[in-house]
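# Observations on the three-dimensional arrangement
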Amino acid sequence: MSERIALANRVTQIAPSPTLAVNAKAKALKAAGADILNFSVGEPDFDTPPHVCEAGKQAIDDGHTRYTAVPGIPELREAVTARFKKDHGWEYSPDQIQVCCGGKHGLYNIFQAVLNDGDEVLIPAPYWVSYPPMVQLAGGVPVIVPLDEKDDFDLNPDILGRYATEKTRVIMINSPSNPTGSLFSRNALEAIGKMALERGWLIVTDDIYETITYLDSSLPHVLDVDHRLKDQTVILNGVSKSFAMTGWRIGYSAGPEHIIKAMNKIQSQSTSNPSAPAQYAALAALTGPQDFPETMKEAFLPRRDFFVRDLESIEGVSCVNPNGAFYVFPNFSAYFGKSFDGKTIGDSVAMADYFLDEAKVASVPGAAFGADDFIRFSFATSMDVIQKGMERIKKALSQLS
Ligand SMILES: *Cc1c(COP(=O)(O)O)cnc(C)c1O
């Protein structure tokens, strides 16, 4: 088939989501009969709680099958403000909330609403795969700020200063982080808050893993550093991870009213509103029993402990203990340069390919997250699969020389 029609430049500068690509390759191999253990998935291995599903079905029966208000149904925006108040003591009005088609869409709306061509966005790396392309699609320039494994992937304030310029407009926070599972310390958040206040930056904080932390103490948050930061922070959250609702596509943002209004303008001319029944399901999630994230965490914790301990027991491999989310992000760079069957493994992409071909283990190369020494494994899968997967990984590594 000939390609007579040229594509827009903005498309050619970005790549499709590599996490979804690995997942697709693993699924294809599995469909062809291969015994694949899949660690590439970025969603909980739980079903949406029954009372949430019921609320979605009920919404359809009740006739909630038409357009809703662009920023989401008032009840859901009220419920979001109530949660912020109850969980954090933060005061938001429903006009400061936008409900959108998943957390990813919320981030897209934010960047579209605030960035002009050439505006720089500070993105700590390892970063979530979608941040740089979303910034680029809005005309912005991603500026990658490296985090060090030796600091448990916490942000080093001195390093941050080196990447800030006159053109910096936004800084991203993702704590707990996908892919590292690490948190930003109060110290790091204070440094970010101070710089943002001094220089008038917008802080975008992606809190999608907020309910999945393994700390005894509360999770530090940038809004608790200085109350003035509320005027220059947009919070991104949603129900995808906390209530195992990835397919329902409901996220929400909270921030200064003029930014939310601008995001609503963009949403009104693109998606109109998120799916109406899904909004009622999300309402049930936010207002109903809150034990579901706890239940998931209880299942995740022993898997994390086993995974980290077993990875650390491998010669040359290091793995930061994740304090949140459901990923481990071990460093395999000690094995780069080694070979199997005449083929040399030079980087994380080759390593992940080797694991898929030799060990029938699907993972995501760190290159996708701007950190080529590492591989991401999700532990949102059974303990049995994790144990089997680790056996295969160890065997595959032992074949390298
Ligand atoms: C999963 C995820 C999101 C949002 O996911 P949606 O499915 O679009 O709600 C946002 N940020 C990070 C870091 C994620 O891992």
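Everything numeric here is computed off the predicted structure, so don't read it as measured data.

### Focus: the packing of aromatic side chains
In this structure the tally under the stated criterion is 24 aromatic pairs. Ring geometry for F39 versus F377: centroids 5.9 Å apart, planes at 80°, classification edge-to-face. Taken as a pair, F39 in the loop between β1 (37-38) and α3 (50-61) and F377 in strand β14 (residues 375-378) lie far apart in primary sequence, 338 residues in all. Accessibility classification places F39 together with F377 in one group, the buried group.

### With respect to the site of the ligand
Near the ligand, the surroundings consist of 13 residues, among which G103, D206, Y209, S240 and K241 are the closest. Within the side chain of Y209, a nitrogen or oxygen atom sits 2.7 Å from an oxygen atom of the ligand. S240 is positioned such that a nitrogen or oxygen atom in its side chain is 2.6 Å from an oxygen atom of the ligand. Taking 390 Å² as the accessible area of the ligand by itself, protein coverage stands at 94%. Taken together, the residues that form the shell around the ligand break down as four nonpolar, five polar and four charged.

### Details of the domain arrangement of the protein chain
Entries for the protein chain in the domain assignment read domain 1 (2-47 + 292-398) and domain 2 (66-287). With centres defined by C-alpha atoms, the gap from domain 1 to domain 2 works out at 25 Å. Contact with domain 1, which involves 36 residues of that partner, is made by 30 residues of domain 2. Summing both partners gives a buried area of about 2800 Å² for domain 1 against domain 2, and 65% of it is carried by carbon and sulfur. Its largest share of buried area at the contact with domain 2, domain 1 owes to V320, N323 and F369, together 21% of the area lost on that side. Sorting the residues of the side of domain 1 that touches domain 2 by element identifies α2 (18-31) and α11 (292-312) as the ones contributing at least two each. It is α11 that provides the largest number of residues to the side of domain 1 that touches domain 2, a total of seven residues. Residues belonging to the side of domain 1 that touches domain 2 are distributed by class as follows: 21 nonpolar, nine polar and six charged.

### Some details on the sheet that holds β14
Taking strand neighbours across the sheet as the criterion, the three strands line up as β9-β14-β13 in an open arrangement whose pairing is antiparallel. Lying at the two open borders of the sheet, with one neighbouring strand each, are β9 (327-328) and β13 (364-365).

### Quick word on the sheet that holds strand β3 (residues 120-125)
Sheet architecture is open: seven strands sit in the order β2-β8-β7-β6-β5-β3-β4, paired in mixed fashion. Each edge of the open sheet is held by one strand with a lone partner, namely β2 (97-100) and β4 (141-146). Each strand axis lies, on average, 20° off the axis of its neighbour in the sheet, ignoring direction. Taken together, the three bridges between β3 and strand β5 (residues 168-173) define a ladder with parallel strand orientation. What sits directly across from E120, in β5, is T168. Against the sheet, helix α9 (residues 257-268) contacts β2, β6 (202-206), β7 (233-238) and β8 (251-254), and its axis sits at roughly 30° relative to β2.

### Quick word on the side chain of E149
Tracing the sequence through the fold places E149 in the loop between β4 and α7 (157-163). Buried and without a salt bridge, E149 has K150 as its closest oppositely charged side chain, separated by 6.6 Å. At a separation of 3.0 Å, a polar atom in the side chain of E149 contacts the side chain of N331. If we skip the residues at most four places from it in the chain, E149 touches S318, C319, V320, N331 and F374.

### Looking at the environment of K297
Here K297 shows up in helix α11. C-alpha separation for the pair K297 and A325, spaced 28 residues apart in sequence, amounts to 9.0 Å. With near-sequence residues (within four places) excluded, K297 lies in contact with T211, I212, T213 and Y214.

### What to know about the side chain of D207
Looking at where D207 falls in the secondary structure, it is placed in the loop between β6 and β7. Although D207 is buried, it makes no salt bridge; R83 carries the closest opposite charge, 12 Å away. In this structure the side chain of D207 is engaged in a polar contact, spanning 2.7 Å, whose partner is the side chain of H221. Here D207 is in contact with H221, I235, L236 and N237, once residues within four sequence places are set aside.

### Comments concerning the pairing of β8
Neither face of β8 is exposed, since G251 and S253 on one face and Y252 and A254 on the opposite face are all buried. Inspection of the sheet shows β2 paired to β8 by four bridges, in the antiparallel sense. Across the sheet, I97 pairs through a bridge with A254, a residue of β8. Two strands pair when backbone bridges link them, and β7 and β8 are joined in this way by four bridges, in the antiparallel orientation. When the sheet's bridge partners are listed, N237 is paired in β8 with Y252.

Conventions we followed
- Residues numbered from 1 in each chain as written.
- Predicted model: local features only at pLDDT ≥ 70, side-chain atom pairs only at ≥ 80, totals over all residues.
- Heavy atoms only, no water.
- Phe/Tyr/Trp six-rings, centres within 6.5 Å; stacked < 30°, edge-to-face > 60°.
- Helix = DSSP H or I, 4+ residues; strand = E, 2+ residues; numbered from the N terminus.
- Buried < 20%, exposed > 50% of the residue type's maximum accessible area, 1.4 Å probe, protein only.
- Near = heavy atom within 4 Å.
- Polar contact = N/O pair within 3.5 Å; in protein donor to acceptor, adjacent residues only side chain to side chain.
- Areas by Shrake-Rupley, 256 points an atom, 1.4 Å probe, with all protein chains shown as cover.
- Nonpolar A, V, L, I, M, F, W, Y, C, P; charged D, E, K, R; others polar.
- Domains from an automatic or database assignment.
- Contact = heavy atoms within 4.5 Å.
- Buried area = accessible area lost by both parts, 1.4 Å probe.
- Pairing = 2+ DSSP bridges.
- Axes fitted to C-alpha atoms, helices over the stretch in contact; angles between N-to-C directions.
- Lys, Arg positive; Asp, Glu negative; His and termini not counted.
- Salt bridge = Lys/Arg side-chain N within 4 Å of Asp/Glu carboxyl O.

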